[in-house]
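Coordinate inspection notes
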Amino acid sequence: METRSITAEVPMAPRMTEDPAQLVPELAEVSAALFRVTGNGSVPRSTISLVQLRAGQIVGSTYLTVLHTGFLRKAGQSEERITSVASWQDSPYFTGAERAALALVEAVLQPSAHGERVPDELYAEVAGHYEAKALATLMFAIGQVNFFIPVALTAKPVPGRSFTDPWN
């Protein structure tokens with residue numbers, strides 16, 4: 001497998017030239033349903049965006065990182081909160097509930113050297129901050145971003161372009 005030099009410029013064009021959503025129009029229903037599920041009001045939209053930003057960072061997707069950073073900015077989140085998501089463990093800008101959500105997305109997306117990805121202690125910590133519906137919504141928010149990670153990493157839509165038009 002050929003690797004790119006770290007100093008090589010990254011092209012500003014998608015790898016996949018056709019929009020996967022247009023190729024598979026059934027995706028629109030799934031995407032809309034996932035957005036409704038995560039927008040049910042049981043978890044603040046800002047928390048969902050923080051979790052999804054962290055997921056983009058963990059998997060190394062510039063597209064997802066830029067997308068969710070933009071959502072947080074549009075929602076009026078401070079630059080300190082947005083930029084410290086990558087180092088949330090020692091950042092003073094997050095509530096206990098947000099910290100629990102960020103710990104959960106990290107546990108789900110990163111292999112554990114010590115057994116379960118989501119140990120009972122972490123589950124208990126998260127459940128202490130979120131009632132059952134909110135906890136389920138948080139799990140689905142992690143699933144929502146995970147649903148789109150293969151598209152972001154494989155098709156490589158252009159970061160910073162409109163959410164609805166990253167292929168042009």
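Residues numbered from 1 in each chain as written. Predicted model: local features only at pLDDT ≥ 70, side-chain atom pairs only at ≥ 80, totals over all residues. Heavy atoms only, no water.

As annotated in an unreviewed UniProt entry, the protein is Carboxymuconolactone decarboxylase family protein from Streptomyces pactum.

**Things to note about helix α6 (residues 96-109)**
The end-to-end C-alpha separation of α6 is 20 Å, in line with the 20 Å expected for 14 residues at 1.5 Å each. Buried residues along α6 sit in contact with α3 (45-59), α5 (79-83), α7 (120-129) and α8 (132-154). (Helix = DSSP H or I, 4+ residues; strand = E, 2+ residues; numbered from the N terminus. Expected span 1.5 Å × (residues − 1). Contact = heavy atoms within 4.5 Å.)

**Observations concerning unusual backbone geometry**
The residue K156 is not glycine, and still its phi comes out positive at about 50°. In this structure, K156 sits in the segment after α8. According to the relative accessible area criterion, K156 is partly exposed, its value standing at 30%. (Buried < 20%, exposed > 50% of the residue type's maximum accessible area, 1.4 Å probe, protein only.)

**Some remarks on the packing of aromatic side chains**
On inspection of all chains with the given rule, the structure shows 1 aromatic pair. Aromatic side chains F147 and F148 sit 5.0 Å apart centroid to centroid with 80° between the ring planes, which places their arrangement in the edge-to-face category. Judged by relative accessible area, F148 falls into the partly exposed class, the value being 22%. (Phe/Tyr/Trp six-rings, centres within 6.5 Å; stacked < 30°, edge-to-face > 60°.)

**Details of the UniProt feature "domain: Carboxymuconolactone decarboxylase-like" (unreviewed entry) in the protein**
Look at the UniProt record and you will see "domain: Carboxymuconolactone decarboxylase-like" (unreviewed entry) annotated at residues 34-106. For residues 34-106, helix accounts for 67% and strand for 0%, while the C-alpha atoms at its two ends are 20 Å apart. (UniProt positions renumbered as here; feature names shortened; annotations may be inferred.)

**Thoughts on the environment of T95**
Positionally, T95 belongs in the loop between α5 and α6. Residues T95 and T154, 59 residues apart in the sequence, show an inter-C-alpha distance of 34 Å.

**Observations concerning the packing of α6 against α8**
As a packed pair, α6 and α8 sit with axes 11 Å apart at the nearest point and diverge in direction by 50°. In terms of orientation, α6 and α8 fall into the oblique class. Handedness of the crossing formed by α6 with α8: right-handed. Note on element contacts: α8 touches α6 through L138, I142 and N146, opposite A101, L104, V105, V108 and L109. Its residues assigned to classes, the contact of α6 with α8 comprises 7 nonpolar, 1 polar and no charged. (Axes fitted to C-alpha atoms, helices over the stretch in contact; angles between N-to-C directions. Parallel < 35°, antiparallel > 145°, perpendicular 65-115°, else oblique. Left-handed = near helix turned anticlockwise from the far one by under 90°. Nonpolar A, V, L, I, M, F, W, Y, C, P; charged D, E, K, R; others polar.)

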